[in-house]
Amino acid sequence: MSARGKQTEAPERESASMSQANHEVAKEEEEVKVNDGSKRIKLDIPEGSLFGVGNPLLDIAVNTDSEYLKKYELEANNAILAEKKHEPMYKEMADMEGVEYLAGGATQNSMRVAQWILRKKHCATFMGSVGKDDFSKTLEQKAEEAGVKVKYQKQDDHPTGTCAVVITKNGACRSLVANLAAANHFSKSHLDVPENKALMEKAKFYYISGFFLTVSPETIQTIGKHACEHNKVFSMNLSAPFLCEFYKEPMMAAFPYIDILFSNETEAAKFSEVQGFGLTDIREIALKAASLPKENKKRSRIVVFTQGADNIILAKDGKVKEFPVVRLPEEKLIDTNGAGDAFVGGFLSQLVQGRDVADCIKCGIWAATEIIQRSGCTFPPDLHYKN
């Protein structure tokens, strides 16, 4: 599978500043034989290289029809926070035929996918807030099975958060309704615990989804500033249109620290609208986002926009490239929930190994393509990525 196809500029390698951070992590290489007789470079990735903070949620997923979306005034491809009118959904969906319970939460999903590809335990660390209940035990078990080191902040008075995943059009569309519950009560004090602070400071790469803007902007600022001061890589995701619109202030407070920005085309369009760019062309929006003020002048900002089955847009240093994705036949598409999280996880798995951006995007496409052929953000444990 290739993600290199059409490009609008000549290929370029990562800048020396980005590569420096990457290669500090991926210092040692050794050649190993694999089952197919070929050889692969094995990189020694230190434990804790990748650090994520977000909202750990248990997904409650059902395949249904557009009438169910209308019942709760939902859009086919969107993500929102639950309101009072959505409360009955969770019980209804739990009683539906074919309901599935899956470990979720955007950042946690990306950490799990990165770990799946890296194959070395505890390369990734994840923090978030959960309740002291069976749901949190399930989440922790799933994360540990994937090799992610989790350090949850556990709440006595709030249950673990859940996310209603309403899948329609035979898996082509998904609508997410998050009831954050305990996840909404993460506090920066969790980072101040000496053991947790050491884990945060040990990392070289950081990822936080935009959903966390509703929970703890203070934590995002702390991590972003640390990454900037130590010339580490800080990445975020716009994550949902409502965040661009209603959480504009904390989003833009974090923006100067962002080295890598992820988004899909719908979120990018809303971002452009809210920021007053006056732009509708996805390529121009990417370039504008990349050029916004940045604290760490040692790195150029990289902007990566996904567009479903259309080309991925990469903007960096005033240039735009496009990367075609793999189009699956309709019968192979099972569930698009988690596709964006998987893309980020695949991207990050190569970034921490010192790969260039083209290789990171290639792996992101591969991971997303595998994920959408299964229910939820899950993966076959025996499937290996071959770069």
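A few points about the overall build of the protein
Okay, so step 1: Across its full length, the protein holds 14 helices and 18 strands.
Okay, so step 2: When the 387 residues of the protein are sorted by exposure, 57% land in the buried category.
Okay, so step 3: For the protein, restricting intrachain contacts to residue pairs at least 6 apart in sequence, the fraction spanning at least 24 positions comes to 73%.
Okay, so step 4: Carbon and sulfur atoms provide 47% of the accessible area of the protein, an area that totals close to 16,600 Å².

As for the nonpolar core
Okay, so step 1: In terms of nonpolar packing, the biggest core is built from 54 residues, with Phe51, Ile223, Phe234 and Phe271 touching the most fellow members.
Okay, so step 2: With five residues, the top contributor of residues to this core is helix α12 (residues 282-291).
Okay, so step 3: Those residues in contact with Phe51 that sit more than four places away from it in its chain are Met111, Thr125, Met127, Leu191, Leu199, Met200, Ala203, Phe205, Tyr206, Tyr207 and Ile223.
Okay, so step 4: Formed by 51 residues, the second largest nonpolar core is a distinct cluster that contains Leu58, Ile302, Leu314 and Phe323.

A look at helix α3 (residues 87-94)
Okay, so step 1: When we look at burial in α3, the residues that qualify are Met89, Tyr90 and Met93. Along the axis of α3, the buried residues cluster in a sector spanning 95°; they form a single face.
Okay, so step 2: Close packing links the buried residues of α3 with β4 (57-63), α2 (66-71), β11 (161-168) and β12 (173-179).

What to know about the packing of aromatic side chains
Aromatic ring pairs are defined here through the distance separating the ring centres and the angle between the ring planes.
Okay, so step 1: Inspection of every chain in the model, using the stated rule, returns 14 aromatic pairs.
Okay, so step 2: A ring pair is formed by Phe262 and Phe347, whose centres lie 5.0 Å apart and whose planes are at 85°; its orientation type is edge-to-face. One end of the pair, Phe262, is in strand β15 (residues 260-264); the other, Phe347, is in helix α13 (residues 339-351), and 85 residues separate them in sequence. The exposure classification of Phe262 matches that of Phe347, with both residues buried.
Okay, so step 3: An aromatic cluster of three or more residues is present, and its members are Trp116, Trp366, Phe379 and Tyr385.

Re the sheet that holds strand β7 (residues 124-127)
Okay, so step 1: Reading across from one edge, β9-β7-β3-β13-β14-β15-β16-β17-β18 is the order of the nine strands in this open sheet, with mixed pairing throughout. Of all the strands in the sheet, just β9 (149-150) and β18 (319-323) have a single pairing partner and so form its edges.
Okay, so step 2: Pairing of strand β14 (residues 233-237) with β15 involves three bridges; the strand directions are parallel. Paired with Ser235 across the strands is Ile260, a residue of β15.
Okay, so step 3: Helix α11 (residues 265-275) contacts β14, β15 and β16 (302-307) of the sheet and is inclined by roughly 105° relative to β15.
Okay, so step 4: The sheet strands contacting helix α14 (residues 357-371) are β16, β17 (310-316) and β18, and the helix crosses β17 at an angle near 150°.

Examining the confidence of the model for the protein
Okay, so step 1: Looking at the protein, pLDDT values average 88 and 89% of them are 70 or higher.
Okay, so step 2: Every residue in residues 1-17 is under pLDDT 50, and counting partners more than four places away or in other chains gives 44 contacts.
Okay, so step 3: With pLDDT under 50 throughout, residues 23-42 is counted as low confidence; its partners more than four residues away or in other chains account for 40 contacts.

Side note on α14
Okay, so step 1: End to end, α14 covers 21 Å across 15 residues, agreeing with the expected 21 Å (1.5 Å per residue, within 8%).
Okay, so step 2: For α14, a buried count of 15 out of 15 residues is recorded, marking the element as mostly surrounded by other parts of the structure.
Okay, so step 3: The N-capping residue of α14, defined by a side-chain oxygen 3.3 Å from the backbone nitrogen of Ala358, is Asp356.

Remarks on the pattern of salt bridges
Okay, so step 1: Enumeration over the complete set of coordinates arrives at 16 salt bridges.
Okay, so step 2: A salt bridge links Glu67 to Lys70; the nearest nitrogen and oxygen atoms lie 3.4 Å apart. Residue Glu67 and its partner Lys70 are located together in helix α2, separated by three residues, close to a single helical turn.
Okay, so step 3: With relative accessibility at 58%, the residue Lys70 sits in the exposed group.
Okay, so step 4: With a shortest N-O distance of 2.8 Å, Arg283 and Glu322 are connected by a salt bridge. Linking Arg283 in helix α12 with Glu322 in strand β18, this pair joins segments that are 39 residues apart in sequence.
Okay, so step 5: For Arg283, a relative accessible area of 25% gives the class partly exposed.

Details of the sheet that holds β11
Okay, so step 1: Taken together, five strands build an open sheet; the order of strands is β5-β12-β11-β4-β6 and the sheet is mixed. In the strand order of this sheet, the two ends are held by β5 (78-81) and β6 (100-104), each with one partner. Sheet twist, expressed as the average angle between the axes of neighbouring strands with direction ignored, equals 25°.
Okay, so step 2: Alignment of β4 against β6, held across five bridges, turns out to be antiparallel. Paired with Leu57 across the two strands is Gly104, which belongs to β6.
Okay, so step 3: In the packing of α3 onto the sheet, the strands contacted are β4, β6, β11 and β12, and the crossing angle to β11 comes to about 70°.
Okay, so step 4: Across the face of the sheet, helix α5 (residues 134-146) comes into contact with β4, β6 and β11 while running at roughly 90° to β4.

How each quantity is defined
Residues numbered from 1 in each chain as written. Predicted model: local features only at pLDDT ≥ 70, side-chain atom pairs only at ≥ 80, totals over all residues. Heavy atoms only, no water. Helix = DSSP H or I, 4+ residues; strand = E, 2+ residues; numbered from the N terminus. Buried < 20%, exposed > 50% of the residue type's maximum accessible area, 1.4 Å probe, protein only. Contact = heavy atoms within 4.5 Å. Areas by Shrake-Rupley, 256 points an atom, 1.4 Å probe, with all protein chains shown as cover. Core = buried A, V, L, I, M, F, W, Y, C linked by side-chain atoms within 4.5 Å. Arc of directions from axis to C-beta. Phe/Tyr/Trp six-rings, centres within 6.5 Å; stacked < 30°, edge-to-face > 60°. Pairing = 2+ DSSP bridges. Axes fitted to C-alpha atoms, helices over the stretch in contact; angles between N-to-C directions. pLDDT = per-residue confidence, 0-100. Expected span 1.5 Å × (residues − 1). Polar contact = N/O pair within 3.5 Å; in protein donor to acceptor, adjacent residues only side chain to side chain. Salt bridge = Lys/Arg side-chain N within 4 Å of Asp/Glu carboxyl O.

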